[in-house]
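A closer look at the structure
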4 protein chains.
Amino acid sequence: MNRKFYCDCELDYQVMSDSTFIFNIAVAKTENQTIVTENLELSPELPYEESLEPIVNNRYLKVNVPPGQFKLSYRSQVDVTYVDQDPNQIPETLPSDLPVEILKYIYPSRYCESDRLLRLAQSEFSHLQPGYSRVTAICNWIYDHVTYLSGSTNSQTSAFNTVTERTGVCRDFAHLAIALCRALNIPARFAAGYAYNLVPPDFHAYFEAYLGGRWYLFDATRLVPLEGLIRIGTGRDAADVSFATIFGAIELTKMQLLVNSLDEEKPEATTDAISPA
Amino acid sequence: MNRKFYCDCELDYQVMSDSTFIFNIAVAKTENQTIVTENLELSPELPYEESLEPIVNNRYLKVNVPPGQFKLSYRSQVDVTYVDQDPNQIPETLPSDLPVEILKYIYPSRYCESDRLLRLAQSEFSHLQPGYSRVTAICNWIYDHVTYLSGSTNSQTSAFNTVTERTGVCRDFAHLAIALCRALNIPARFAAGYAYNLVPPDFHAYFEAYLGGRWYLFDATRLVPLEGLIRIGTGRDAADVSFATIFGAIELTKMQLLVNSLDEEKPEATTDAISPA
Amino acid sequence: MNRKFYCDCELDYQVMSDSTFIFNIAVAKTENQTIVTENLELSPELPYEESLEPIVNNRYLKVNVPPGQFKLSYRSQVDVTYVDQDPNQIPETLPSDLPVEILKYIYPSRYCESDRLLRLAQSEFSHLQPGYSRVTAICNWIYDHVTYLSGSTNSQTSAFNTVTERTGVCRDFAHLAIALCRALNIPARFAAGYAYNLVPPDFHAYFEAYLGGRWYLFDATRLVPLEGLIRIGTGRDAADVSFATIFGAIELTKMQLLVNSLDEEKPEATTDAISPA
Amino acid sequence: MNRKFYCDCELDYQVMSDSTFIFNIAVAKTENQTIVTENLELSPELPYEESLEPIVNNRYLKVNVPPGQFKLSYRSQVDVTYVDQDPNQIPETLPSDLPVEILKYIYPSRYCESDRLLRLAQSEFSHLQPGYSRVTAICNWIYDHVTYLSGSTNSQTSAFNTVTERTGVCRDFAHLAIALCRALNIPARFAAGYAYNLVPPDFHAYFEAYLGGRWYLFDATRLVPLEGLIRIGTGRDAADVSFATIFGAIELTKMQLLVNSLDEEKPEATTDAISPA
């Protein structure tokens, strides 16, 4: 299924000291995401440097900003291809068949301490049929046991906290799901993106699991249709894909996002398995 | 300075079920490490698959092993080039000058929660002159405050624990040093290797900090000479460079390492800055 | 129901420096526990001081011990009265009816971080009928989700760890149960005692919950009959009732316990509610 | 030194459901604190029940409150005797000389995990002369290493967090000091009270250490004079002395405190050791 989106992001800052911003807000150019048009405006019009993270293709924009007001405005039209598949046909990949470059996605990371969730994951999910449906079961478990509550967590909250504290936002839902997948030797990675129909509009966090030789989209929050997810970046957890890494004293004074579907038929919830590649 | 080493590693396992081993025990082939001779023996003689992690060049050996005894024997002769430099001439790299592929080494990871050590790192080290000597100060602080004690920690121990519990082994020393570096925006990564003169012989963990545009070797344990470190692998922390990732039921029954210096002049402690590249 | 027990405890230590021992190994003298005979032998025959903790009646034996071998031998015959009740008739006590001296047993303590388990306790147990059966449900949940495994935890393990790591020993089972009770405003306290039929013989940890105006015995491990529990001490958690608090350098070289039932009819598992008072 | 204070506290609540409040806001009646006049007003004029915690004399006021506005107003005039002593004459109490009822104040508690700070406490403070001055050194260390910052912590923050995160409010300063004292076998307890000259006016948290057979006042925040501390309650940590334990749905809409010194000579900072008894 091909879909067209328009993404718009405006970020305003009050900069107190000479600062370096490394933004990760541009839509990723991947096999299944084609940028049709794209526009970046900085005010003041400062020079910036774009670079690409190898393999995962996260795009970084680095800008050195003097004190004063600073504004970034990014607009993009993007074509995204989603592959629909029958969830029942998607197996887990045996550890012996995992490509080496995928291996790191079963290791624990800062916010996904899978090594501390082994027994819990075993006791809750090891009796289930391996495959796509087992990751769905993890998402359902999180949806049933964790309450989505803005402001209930902070940037230090990790899966080990969330599994007990039972509350969080999209990044916490993703971290817990990833940690549980990894505890079962299912490679899983964090993704950040634009999301169609997210209310209120914001950057969204979800995750991808590696099954049957490719990555599939999952979102334990159930807040948006999977076919409305447009990837900005991916990494081992939120530590890798902050929308802005900032060195300096600044204040974010405005953040405004807009995601439109340019198709007649709008993205909707589905029970199909959706692969971004 | 060029140095020649002989590394020998024998691992014996009792395998209880069909298992997949992914070893990371071969000396890395890098710009400054040349394998002169190398020999790997498996008993029984099972087929194995070697693969290379992109960029950092960690070498993975994957073997599927049936139940029974299993033995790996690895021997290697390696030439290593160490670059000696005057520590006083090595600056820190400004965040605005950090290459994008280095960026991930200032982000927190599973065992190096730099995000939770910001104030401590600031209060202990921010008044110091930036540069190589500041990383040395971090190593000295750890050496002075943390006791090396075998068995005092486990595979879940992280920098946040060690900074307060004040005891650990080489991997804990490395994790804490890395976390403190990152908290000061100094990129730092974990390294595992063979180490000349380590008593008792074992795989060793140390770290590298990115200063003045290149990586430098550091070891807060002060157990071995820096010019006796032969890299096997590097990663964000110990999660990435386990010497064996194993899927299956096994028991390690023997582990024996040997590292010889093949030069007349043996490696010794130095106060020079040593770069592996 | 009245029951007679014989308890025997021998502790041998190698004492390396002048040390102070504060033992908490004598059977508590309470309304329902009557010491028939009791004998304490120390070797060497050192003077000791006995004192009583107010309200809960824990008995402390303080001994100053010089370097060398040290041996404590305690023997006691004790009559214990257990009150059997119909579990279905036992309500929870409304917070507004809790006596002030009970209040502290709903507050979090070192190993029972009830404040971090509020949502989990709510989501798992708030839909259940308040009363004795709800505490039973907590015990069942722990029994079903946590694996009893010697050596899997240490003296720093707390309920917050156990609820996720899903493994532990009797003290961990008790801590988690207490934390979950308190998270539901059910007062709960830790108890240490001799236990009939515990294999292998050891001091045992269990807990008491305050329901319908009195304390009831619970043991989520299901290892021993409730009517075989002879209390040594009680407190907010294990921090309060260590069998020995020791100041000095010592090594425990032997620990041997024996608990006999002196009745013809031996204690057995029961589904009755058992109150120790 | 005798001092006279006037304490005034007003708490306004919006009560959403039938709620039980257990207040701990009345000045404690102790050997050194005499209530001259006291007045409690509730609006609406609801019946309340006062009770006294044994030994430490915390006073609890229990009120059942229906939905609507609820206001508590407490006024008290109190005479406090402080004993001034020469800090250099105050030894630590040997563990062998500790009274049994004091013992619990060296055990770890929810927010004072002294068991996890043993090595840190040893390495920082064990070389110092035992006695009052060592507790002062602990306070100085905290004052130097931890930043007082409103809102930087929450009700779950404990000493183990604060020692690394290096920021907190008065309760965090007290928790860390208590944990460090206990790690050195110095009994220490948490205290909450009214405080003269606290800006902005609020309930204050400080701590008491047991030295030379009696309790002494300490406050690592240095925010107020020790001779301006009027005790409300004491306990093992903040879990025990919340100013209000509330069962029900409420919102605190106003909190206003006032503490006046009724003497001509106002309390000032001192380097004397001050005992409240």
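Residues numbered from 1 in each chain as written. Chains lettered and ligands numbered in written order. Predicted model: local features only at pLDDT ≥ 70, side-chain atom pairs only at ≥ 80, totals over all residues.

**Topic: the overall build of chain A**
Rule in force here: Each helix corresponds to a stretch of at least 4 residues labelled H or I by DSSP, and each strand to a stretch of at least 2 residues labelled E; elements are numbered beginning at the N terminus. The atom set for the radius of gyration is the C-alpha atoms, and the globule formula is 2.2 Å times the number of residues raised to the power 0.38. Contact between two residues is assigned when their C-beta atoms, built from the backbone, lie within 7 Å.
A tally of regular secondary structure across chain A gives four helices and 16 strands. Against the compact-globule benchmark of 19 Å for 277 residues, chain A has a radius of gyration of 19 Å, which places it among compact chains. Overall, chain A is about 60 × 40 × 35 Å in size when its C-alpha atoms are taken along their principal axes. Sequence separation of at least 24 residues holds for 78% of the intrachain contacts in chain A that already meet a minimum separation of 6.

**Considering the nonpolar core**
Stated formally: For our purposes the nonpolar core covers buried Ala, Val, Leu, Ile, Met, Phe, Trp, Tyr and Cys residues that link as a set through C-beta atoms within 7 Å. With C-beta atoms placed from the backbone, a residue is buried if 20 or more other C-beta atoms are within 10 Å of its own, exposed if 12 or fewer are, and partly exposed between those counts.
In terms of nonpolar packing, the biggest core is built from 164 residues, with A:Ala177 and B:Ala177 touching the most fellow members. When sequence neighbours within four positions are dropped, the list of residues in contact with B:Ala177 reads B:Ile138, B:Cys139, B:Ile142, B:Ala188, B:Phe207, B:Phe218 and B:Ala220. By size, the runner-up hydrophobic cluster in this structure holds 162 residues, among which are C:Ile22, C:Val224, D:Ala195 and D:Ala273.

**Quick notes on the domain arrangement of chain A**
Residues and elements named next belong to chain A. Operational definition: Residue ranges assigned to the domains are those given by an automatic or database domain assignment. Any residue that is not Ala, Val, Leu, Ile, Met, Phe, Trp, Tyr, Cys, Pro, Asp, Glu, Lys or Arg is counted as polar, Gly included; the first ten are nonpolar and the last four charged.
Examined at the domain level, chain A breaks down into domain 1 (2-81 + 244-261) and domain 2 (83-238 + 267-275). Facing 18 residues of domain 1, the contacting portion of domain 2 comprises 14 residues. Those elements that provide at least two residues to the side of domain 1 that touches domain 2 are β1 (2-15), β6 (68-81) and β15 (250-261). Element by element, the count of residues in the side of domain 1 that touches domain 2 is highest for β15, at four residues. Taken together, the residues that form the side of domain 1 that touches domain 2 break down as 12 nonpolar, five polar and one charged.

**Some thoughts on the packing of helix α2 (residues 132-145) of chain B against helix α4 (residues 170-183) of chain B**
All names here are of chain B. Quick reminder of the rule: Axis lines are fitted through C-alpha atoms, for helices just across the contact stretch, and the angle between N-to-C directions can take any value from 0 to 180 degrees. In this scheme, roughly parallel covers angles under 35 degrees and roughly antiparallel covers those over 145, while 65 to 115 is roughly perpendicular and the rest are oblique. In this scheme, a crossing is called left-handed if the near helix is turned counterclockwise away from the far one by less than a right angle; it is called right-handed if the turn is clockwise.
Where α2 meets α4, the closest approach of the two axes is 10 Å, and the angle between their N-to-C directions is 140°. Judged by the inter-axis angle, α2 sits oblique to α4. For the element pair α2 and α4, the recorded crossing hand is right-handed. Of α4, the residues touching α2 (which contributes Val135, Ile138, Cys139 and Ile142) are Phe173, Leu176, Ala177, Leu180 and Cys181.

**Brief notes about the pairing of strand β15 (residues 250-261) of chain D**
Residue and element names in this part refer to chain D. Quick reminder of the rule: Strands pair, by our definition, only if DSSP identifies at least two bridges between them.
For β15, the tally of buried residues reaches only one of 12 residues, placing the bulk of the element at the surface. Bridge analysis of strand β1 (residues 2-15) against β15 gives 11 bridges, and the strand direction is antiparallel. Opposite Cys7, over in β15, you have Val259 as the bridge partner.

**Some words on the environment of C:Val83**
Inspection of the secondary structure puts C:Val83 in strand β7 (residues 83-85). Here the alpha-carbon distance between C:Val83 and C:Phe125, two residues 42 residues apart in the chain, equals 27 Å.

**Structural notes on the relation of the copies chain D and chain C**
What counts is decided by this rule: Least squares is the method used to superpose the copies, on C-alpha atoms of residues holding a pLDDT of at least 70 in both.
Between the two copies, chain D and chain C, the superposition gives an RMSD of 0.0 Å; the rotation angle is 180° and the shift along the axis is 0.0 Å. Such a combination of turn and shift is consistent with a two-fold rotation axis. Taking the C-alpha atom as reference, chain D places D:Arg110 closest to the rotation axis, 1.8 Å from it. Looking at the interface residues of chain D, 100% of them are also at the interface in chain C, so both copies use one shared face.

**Re the interface of chain D and chain C**
Taken together, the 27 residues of chain D in the interface contact 27 residues of chain C. Secondary-structure elements contributing two or more residues to the side of chain D that touches chain C are β2 (19-23) and β5 (59-65) of chain D. Of the residues contributing to the side of chain D that touches chain C, the split by class is 11 nonpolar, eight polar and eight charged.

**Quick notes on the interface of chain A and chain B**
Tallying the contact residues gives 27 residues for chain A and 27 residues for chain B. Where the side of chain A that touches chain B is concerned, the elements lending two or more residues are β2 (19-23) and β5 (59-65) of chain A. Residue classes in the side of chain A that touches chain B are distributed as 11 nonpolar, eight polar and eight charged.

**Brief notes about the relation of the copies chain A and chain B**
Of the transformation superimposing chain A on chain B, the axial component is 0.0 Å and the angular component is 180°, with the fit at an RMSD of 0.0 Å. Residue by residue, 100% of the interface of chain A is reproduced at the interface of chain B, so both copies engage with the same surface.

**Some words on the environment of A:Pro276**
Its location among the elements puts A:Pro276 in the segment after β16 (273-275). According to the C-beta neighbour criterion, A:Pro276 is buried, with 25 such atoms within 10 Å.

**Focus: the sheet that holds strand β10 (residues 188-195) of chain B**
All names here are of chain B. Ordered in space as β12-β11-β10-β13, the four strands form an open sheet in which the pairing is antiparallel. Across the chains shown, the open sheet's two edge strands, defined by having one partner strand only, are β12 (214-218) and β13 (229-235). Averaged over all pairs of adjacent strands, the angle between their axes in this sheet comes to 40°, without regard to strand direction. Pairing of β10 with strand β11 (residues 204-211), which is carried by six bridges, proceeds in the antiparallel orientation. Opposite Arg189, over in β11, you have Glu208 as the bridge partner. Lying over the sheet, α4 contacts β10, β11 and β12, oriented at roughly 15° with respect to β11.

**Describing the sheet that holds β5(A)**
Residues and elements named next belong to chain A. Taken in spatial order, the four strands make up an open sheet running β4-β5-β2-β14, and their pairing is antiparallel. Looking at which strands have only one partner, the edges of the open sheet turn out to be β4 (48-52) and β14 (244-247). Taking each pair of neighbouring strands and ignoring which way they run, the sheet shows an average axis angle of 15°. Pairing between β2 and β14: four bridges, direction antiparallel. Pairing of Thr20 across the sheet is with Phe247, part of β14.

**A short note on α4(B)**
Going by this rule: In this analysis, the expected span of each helix is defined as 1.5 Å times one less than the number of residues it contains.
Relative to the 20 Å expected for 14 residues at 1.5 Å per residue, α4(B) spans 20 Å between its end C-alpha atoms, a close match to the ideal helical length. When you tally the buried positions in α4(B), you get 14 out of 14 residues, the bulk of the element.

**Overview of the pairing of strand β10 (residues 188-195) of chain D**
Residues in a regular strand project their side chains so that they alternate between the two faces of the sheet. Residues and elements named next belong to chain D. Most of β10 is tucked away: eight of the eight residues are buried. Across six bridges, the pairing between β10 and strand β13 (residues 229-235) is antiparallel. Bridge assignment links Ala195 to a residue of β13, and that residue is Leu229.

**Section: the confidence of the model for chain A**
Inclusion rule: Across the chain, each position has a pLDDT score giving the predictor's confidence in that residue, from 0 to 100.
Summing up the model confidence of chain A, the mean pLDDT is 96 and the portion of residues at 70 or higher is 100%. Quick note on the complex model: pTM equals 0.94, ipTM equals 0.95.

**Here's the deal with unusual backbone geometry**
Omega for the peptide link from A:Ser43 to A:Pro44 comes to 0°, which places this bond in the cis form. Looking along the chain, the bond that leaves A:Val199 and enters A:Pro200 is cis, with omega of -10°. Summarising the element assignment, A:Pro200 is placed in the loop between β10 (188-195) and β11 (204-211). One non-glycine residue, B:Arg166, lies in the positive phi region at around 65°.

**What to know about the environment of D:Asn154**
The residue D:Asn154 is located in the loop between β8 (147-148) and α3 (159-165) in this model. As for D:Asn154 and D:Thr270, which are separated by 116 residues in sequence, their C-alpha atoms are 31 Å apart.

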